Amino acid sequence: AAAADCPIEIDPPTVVVKYGDPVTVHCTATQRTREMGWEVPNGSRSLLRGSQSLLWSFSNLTDWTAEPRCYAKFDTEPKQCYKKLSILHYKYPDNVSISIVNQTAEMEEGGQYLLQCDVKSIAPVKYLSVNWYRGGLLINTETFSENTTKPVDVSPTLLITSSCTDGGLKFSCAAELKLGQEGPQPNPVMKSESLHITELYCPIVIDPPTVVVRYGDPVTVHCTATRTTRGMGWEASVGSIDMQIGVQSALWSVSSLTDWTAEPKCFSNFDTEPKQCEKKPSILLYKYPDSVSIRYVRNTGPMEEGRPYWLLCEVKSIAPVQYLSVNWYRGGALIHNDTFANFTTRTPVDVPRTLLITPSCTNDGAQYSCEAELKLGQGGPNPVMKSEPLRATVLFCPIVIDPPAVVVKYGDPVSVNCTATRTTRGMGWEASVGSTGIKTGPQSLLWGVSNLTDWTVEPTCFSNFDTDPKQCGKKLNISLYTAAAFCPIVIDPPAVVVKYGDPVAANCTVTRTTRGMGWEASVGSIDMQTDFQSLLWSASSLTDWTAEPKCYANFKTEPKQCEKKLSILLYKYPDSVSISSVGHTGPMEEGGQYQLQCDVQSIAPVQYLSVNWYRRGALIHTENISEDTTRTPVNVSRTLLITPSCTDDGVQYTCEAELRLGPEGPQANPVKKSEPLSVTVHCESHRHACLAHWCY
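Scope of this entry: the structure provided in the associated data block.

Parameters at a glance
Residues numbered from 1 in each chain as written. Predicted model: local features only at pLDDT ≥ 70, side-chain atom pairs only at ≥ 80, totals over all residues. Heavy atoms only, no water. Salt bridge = Lys/Arg side-chain N within 4 Å of Asp/Glu carboxyl O. Helix = DSSP H or I, 4+ residues; strand = E, 2+ residues; numbered from the N terminus. Buried < 20%, exposed > 50% of the residue type's maximum accessible area, 1.4 Å probe, protein only. Pairing = 2+ DSSP bridges. Axes fitted to C-alpha atoms, helices over the stretch in contact; angles between N-to-C directions. Contact = heavy atoms within 4.5 Å. Polar contact = N/O pair within 3.5 Å; in protein donor to acceptor, adjacent residues only side chain to side chain. Phe/Tyr/Trp six-rings, centres within 6.5 Å; stacked < 30°, edge-to-face > 60°. Lys NZ or Arg CZ within 6 Å of the ring centre and 35° of its normal. Disulfide = S-S within 2.5 Å.

1. Quick word on the pattern of salt bridges
According to the stated counting rule, one finds 24 salt bridges in the structure shown. Its salt-bridge partner being Arg346, residue Glu263 comes within 2.7 Å of it at the nearest N-O pair. Of this pair, Glu263 sits in the loop between strand 26 (249–254) and strand 27 (265–269) while Arg346 sits in the loop between strand 34 (333–339) and strand 35 (349–357); the two residues are 83 residues apart in sequence, bridging distant segments of the chain. A salt bridge links Lys572 to Asp575; its shortest N-O distance comes to 2.8 Å. In this structure Lys572 comes out as buried when scored by relative accessible area, which is 14%.

Right under this line is the structure:
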């Protein structure tokens with residue numbers, strides 16, 4: 001057993017070791033030993049009889065899975081125990097570099113750009129901090145929670161919005177390992193070369209820079225040049241102004257804005273650099289819904305107390321949906337809301353949303369309603385449209401079972417009381433054992449069995465009344481178990497999440513004296529051992545997808561023999577993730593429909609997989625594959641239908657495979673992303689606009 005009172009001391013108890021460096025540790029027993037030794041997971045062990053101390057050393061530590069443990073056997077209690085040496089094994093990165101994603105180092109003022117820091121082969125990643133610098137000033141730090149011990153590549157990104165003050169600045173990033181007090185001081189750091197930014201400043205002012213406009217309302221935006229121009233104008237799908245010579249300002253105005261794709265640009269020509277530039281106002285065009293309504297799904301008439309029902313809220317023709325919040329109310333109290341931030345559709349859409357309710361008797365007569373609210377930010381209003389209320393009628397059963405649920409050992413007695421909260425015409429218990437028949441007069445009735453052995457029993461208390469409900473019943477929830485279900489075995493941890501090929505270990509301890517215990521497994525089996533109260537199962541590289549190790553033990557008293565399984569979730573990163581356009585090459589036509597395909601090669605287990613789709617770095621859709629229970633690696637292909645507009649020209653789509661392995665898995669879900677797919681859109685409306693005046 002590895003107990004807290006094990007008379008062994010390891011000095012130091014924790015070591016922080018650079019990859020390839022030597023390490024030395026002492027193990028000392030504070031109680032007289034029969035023998036002691038060091039054991040490592042690969043099976044090597046050193047043993048000395050009658051010794052009180054033992055040295056473990058390694059001249060060149062390169063095993064990322066090393067977990068040496070010092071063990072000893074004694075004449076007195078504890079007869080045998082061990083303690084583990086905690087090793088924090090680290091490695092400097094091979095390289096740290098910074099770049100702009102899909103862009104040169106020349107930026108436009110006000111544009112958004114993604115910087116990427118590539119850290120190659122660093123470990124352990126959970127102690128890594130990536131620090132971002134502008135000039136010599138720290139502007140952001142990113143940490144990582146992934147529990148991988150071996151070297152990995154990481155490529156965090158940082159979104160920046162350039163301004164004219166950034167011209168000539170240098171951006172850099174650094175990988176810093178924060179290894180704590182036992183680690184080297186100062187912390188190991190490797191910094192990238194600097195990235196020099198060239199800023200293109202455009203001397204144009206848009207006022208207001210952002211406008212929020214209701215569909216069909218007028219809109220006006222001013223554009224002013226802060227330097228003498230050779231000419232300026234507006235390029236737009238509606239309200240274009242051809243280049244005007246000798247002006248310092250130009251007004252874009254539309255009496256009724258109904259173009260959902262409107263992206264007006266103010267342009268100007270100058271004698272000096274920049275010779276020509278442009279700026280866009282941000283236009284947010286919104287529309288009230290045509291209607292908002294609420295109804296039941298597949299239900300008419302009254303609801304029964306305690307049963308689940310679906311409500312449906314239908315919002316007709318609203319835009320833009322990413323600013324929509326569907327709010328649900330019972331009476332005047334908000335009980336739930338749905339948002340749609342991952343959607344990027346500009347044009348009006350119909351939005352159906354459902355809500356699951358389980359009514360109680362207190363909900364009888366309650367009024368449910370839903371509303372559509374557009375949260376347009378500080379620059380705009382928050383338009384709201386509410387449905388008519390939906391009145392709930394709940395048929396409730398005035399019966400109380402106390403307790404409502406019982407857990408009973410097979411063959412033991414059980415008794416439960418049923419009480420009517422209204423005057424009854426008669427009540428009773430109906431069950432495969434212990435039925436009472438109907439009894440008139442009482443307001444409460446006991447159901448009892450002296451020796452419960454029926455695994456299918458479902459006792460129901462029923463009652464008759466003069467008013468509605470004229471008759472109703474409630475079931476008692478019974479869980480029946482056998483003594484054999486209490487197996488005095490503890491597996492620690494009870495469940496493990498393991499990356500394919502990684503090491504794994506679990507300890508099995510019995511809480512009663514055994515006649516023998518062991519592990520039965522497809523890998524790492526241990527035959528029955530006597531005089532042991534705990535036993536470690538381990539595998540240095542788990543690659544068996546069917547592995548279900550069982551720890552078993554024999555006892556002198558009941559249960560004479562029992563076993564418990566270690567729950568193993570074995571997962572594997574995909575070999576590759578790629579994105580492509582299905583059945584199409586070359587530019588896309590504005591307004592056409594195209595299918596993108598995400599191919600995920602050799603991933604497991606697929607039921608934990610989410611395929612995430614991104615446009616310009618923003619999540620637009622997620623698809624879960626939870627219906628497939630295959631354990632072994634499979635190939636997965638998922639498609640997404642897109643309808644490109646002018647604004648999608650040059651946009652990059654990506655997809656990623658994300659394994660959501662739950663709380664026992666890595667703290668940061670394993671993710672693998674595709675290379676980006678750039679979309680070229682042939683935009684007829686843009687070509688016509690260019691014919692009216694200059695284009696560049």
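2. Looking at the sheet that holds strand 28 (residues 276–279)
If you trace the four strands from one edge of the open sheet to the other, you get 25-24-27-28, paired in antiparallel fashion. The outermost strands of the open sheet, each flanked by one partner alone, are strand 25 (241–244) and strand 28. Direction aside, neighbouring strands of the sheet carry axes that sit 15 degrees apart on average. Of the strand pairs in this sheet, strand 27 and strand 28 are connected by four bridges, and their pairing is antiparallel. Within the sheet, the bridge partner assigned to Asn269 lies in strand 28 and is Gln276.

3. A closer look at unusual backbone geometry
Going from Asp11 to Pro12, the amide bond is cis rather than trans, its omega being -5 degrees. Topologically, Pro12 is positioned in the loop between strand 1 (8–11) and strand 2 (14–18). The step from Asp492 to Pro493 runs through a cis peptide bond, and the omega angle for that step is -5 degrees. Structurally, Pro493 can be placed in the loop between strand 49 (489–492) and strand 50 (495–499). Its identity as a non-glycine residue notwithstanding, Ser121 has a phi of 60 degrees, on the positive side. Along the chain, the position of Ser121 falls in strand 12 (residues 112–122). Using a relative accessible area of 17% as the deciding quantity, one classes Ser121 as buried. Despite not being glycine, Ser317 shows a phi value in the positive range, around 55 degrees.

4. Focus: the environment of Gln116
In this fold, Gln116 is placed in strand 12. With 38 residues separating them in the primary sequence, Gln116 and Val154 have C-alpha atoms 9.9 Å apart. Beyond its immediate chain neighbours, meaning those up to four positions away, Gln116 contacts Ser97, Ile98, Ser99, Val101, Trp132, Ser155, Pro156 and Thr157. There is a polar contact of 2.9 Å between the side chain of Gln116 and the side chain of Asp118.

5. What to know about the pairing of strand 10 (residues 95–100)
Residue alternation in strand 10 divides its side chains into a buried set, Val96, Ile98 and Ile100, and an unburied set, Asn95, Ser97 and Ser99. With six bridges connecting them, strand 10 and strand 12 associate as antiparallel partners. Directly across from Ile100, in strand 12, lies its bridge partner Leu115.

6. Considerations on the packing of aromatic side chains
Using the criterion set out here, one finds 12 aromatic pairs in the structure. For the ring pair Trp234 and Trp252, a centre distance of 6.1 Å and an interplane angle of 35 degrees mean the geometry is tilted. Of this pair, Trp234 sits in strand 24 (residues 231–235) while Trp252 sits in strand 26, and the two are 18 residues apart along the sequence. Trp234 sits in the buried class, given a relative accessible area of 0%. Clustering of aromatic rings is evident, with ring pairs tying together Trp38, Trp56 and Phe58. One cation-aromatic arrangement involves Lys386 over Tyr329; the distance from NZ or CZ to the ring centre is 4.1 Å. Over the face of the ring belonging to Phe555 we find Arg512, whose NZ or CZ atom lies 5.0 Å from the ring centre.

7. Remarks on the sheet that holds strand 6 (residues 53–58)
Strand order in the open sheet formed by three strands is 1-3-6, and the pairing between neighbours is antiparallel. Bordering the open sheet on either side are strand 1 and strand 6, each of which pairs with just one other strand. If you compare each strand with its neighbour and ignore which way they point, the axes differ by 20 degrees on average.

8. Digging into the pairing of strand 43 (residues 426–430)
When you tally the buried positions in strand 43, you get four out of five residues, the bulk of the element. Relative to strand 46 (residues 460–464), strand 43 runs antiparallel, the two sharing five bridges. When the bridges of strand 46 are listed, Glu430 appears paired with Thr460. Here strand 43 pairs with strand 44 (residues 437–439) via three bridges, running antiparallel. Bridging from a neighbouring strand, Gly428 pairs with Ile438 of strand 44.

9. Brief notes about the side chain of Ser463
The topology assignment puts Ser463 in strand 46. Look past the residues within four positions of Ser463 in its chain and what remains in contact with it is Ile399, Ala420, Thr424, Gly426, Met427, Lys470, Gln471 and Cys472.

10. A look at the state of the cysteines
Between two cysteines, a covalent bond joining their sulfur atoms is known as a disulfide. Following the criterion strictly, the structure yields 11 disulfides and no others. Covalent S-S linkage joins Cys117 and Cys173, the inter-sulfur distance amounting to 2.1 Å. The chirality of the disulfide connecting Cys117 with Cys173 is right-handed, given an S-S dihedral of about 80 degrees. Highlighted residues: Cys117 in strand 12 and Cys173 in strand 17 (residues 170–177), separated in sequence by 56 residues. Per residue, the accessibility class of Cys117 equals that of Cys173, and both read buried. What pairs with Cys223 in a disulfide is Cys266, and their sulfur atoms sit 1.9 Å apart. Linking Cys223 and Cys266, the disulfide has an S-S dihedral of approximately -80 degrees and is accordingly described as left-handed. With Cys223 in strand 23 (residues 219–225) and Cys266 in strand 27, this pair connects stretches of sequence that are 43 residues apart.

11. Brief notes about the environment of Lys150
Its place among the elements puts Lys150 in the loop between strand 14 (137–143) and strand 15 (152–154). Once residues within four sequence positions are removed from consideration, Lys150 is found in contact with Trp64, Thr65, Ile122, Ala123 and Asp502.

12. Some thoughts on the side chain of Asp454
For Asp454, the location among the structural elements is in the loop between strand 45 (444–449) and strand 46. One polar contact links Asp454 to Thr456, side chain to side chain, over a distance of 2.8 Å. Ignoring anything within four residues of it in the chain, the contact list for Asp454 reads Ser432, Val433 and Leu480.

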